[in-house]
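What follows is the residue order along each chain.
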Amino acid sequence: MSEELNNDSGKNGDDGQLPVFSALKGVGGEEALVDALKQVIDPELNINIVDLGLVYEVQRTEEDSAKVTVSMTLTSPACPAGPQIITQAKMALERLDDVDEASIQLTMTPPWSPELMTEDARDELGIF
C-alpha cells in the first residue's frame, strides 16, 4: 500500500472516478467512508476532519472500487498536525474491509475557512 501525497490545484479529474462525498458540493456519500474519516480527529481542535470541513471529496475508482482517493485541505498550509492527519485519514480508510488502497491528495484551493465547518463543529468551538 503506497501513500500518495500530492499538492493539487483543486481541480479534480473526473476520469475513472465515482464521486462519493463532497463537502463543498453538499453531496451526501457512502456512509462507511465518511464515518471512517470522522474517526480522524484534528489534535489541535479536537474535532473530526469531516465536521471541520477539511475533506473536500472522496472517490472510488471505476476500475477498482477498493481504491479510494481523498481530496482534502488543512486549516493552514503550515499546520503542524498535517502529516499526522493525512496519515490517519489514509489508515482509517484502509482499515475498511472493502478498501485496499487510499490515497490522500492535499489541496489548498479553495482555502479552508470556518464557513466550511458543520454547525455542530462551529458550536463546539464557539464560532457563531
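Residues numbered from 1 in each chain as written. Predicted model: local features only at pLDDT ≥ 70, side-chain atom pairs only at ≥ 80, totals over all residues. Heavy atoms only, no water.

Per an unreviewed UniProt entry, the protein carries the name MIP18 family-like domain-containing protein and comes from Gimesia alba.

**A word on the overall build of the protein**
In plain terms, the rule: Numbering of helices and strands runs from the N terminus; a helix is a DSSP stretch of H or I covering at least four residues, while a strand is a stretch of E covering at least two. Only heavy atoms matter for contacts: two residues are in contact if any of them lie within 4.5 Å across the pair.
In terms of regular secondary structure, the protein is built from three helices and seven strands. The order of helices and strands in the protein, counted from the N terminus, is β-β-α-β-β-β-β-α-β-α. Here the contacts in the protein between residues at least 6 apart in sequence split such that 69% fall between residues at least 24 apart.

**A few points about the nonpolar core**
Here is the rule we go by: As used here, the term nonpolar core means buried Ala, Val, Leu, Ile, Met, Phe, Trp, Tyr and Cys residues forming a set that is joined through side-chain atoms within 4.5 Å. Using a 1.4 Å probe on the protein chains alone, a residue whose accessible area is under 20% of its type maximum counts as buried, one over 50% counts as exposed, and one in between counts as partly exposed.
Among the nonpolar cores identified, the biggest contains 31 residues, and Leu-37, Ile-49, Val-70 and Leu-93 are the most heavily contacted of them. Every element with two or more residues in this core is listed here: helix 1 (31-37), strand 5 (55-61), strand 6 (67-72), helix 2 (82-94) and strand 7 (101-107). Tallying contributions element by element places helix 2 first for this core, with five residues.

**What to know about the pairing of strand 5**
We apply this condition: For two strands to be treated as a pair, DSSP must find no fewer than two bridges joining them.
Buried residues dominate strand 5, accounting for seven of its seven residues. Alignment of strand 5 against strand 6, held across five bridges, turns out to be antiparallel. The residue of strand 6 that forms the bridge with Val-55 is Met-72. The turn joining strand 5 and strand 6, which pair antiparallel and follow one another in sequence, is formed by five residues.

**Describing helix 2**
What counts is decided by this rule: Expected span, for any helix, means 1.5 Å times one less than how many residues it has.
An ideal rise of 1.5 Å per residue puts 18 Å on 13 residues; helix 2 measures up with 19 Å between its terminal C-alpha atoms. For helix 2, the set of buried residues is Gly-82, Ile-85, Ile-86, Ala-89, Lys-90, Ala-92, Leu-93 and Glu-94.

**Overview of the pattern of salt bridges**
Here is the rule: Take a side-chain nitrogen of Lys or Arg and a carboxyl oxygen of Asp or Glu: if they are within 4 Å of each other, that pair is a salt bridge.
Following the criterion strictly, the structure yields two salt bridges and no others. Among the salt bridges present, the one from Asp-98 reaches Arg-60, with a minimum N-O distance of 2.9 Å. With Asp-98 in the loop between helix 2 and strand 7 and Arg-60 in strand 5, the pair connects residues that are 38 residues apart, well separated along the chain. In this structure Arg-60 comes out as buried when scored by relative accessible area, which is 7%. Between Glu-94 and Lys-90 there is a salt bridge; the shortest N-O distance is 2.7 Å. With Glu-94 and Lys-90 both in helix 2 and four residues apart, the pair spans about one turn of that helix. Residue class for Lys-90 comes out buried when judged on its relative accessible area of 7%.

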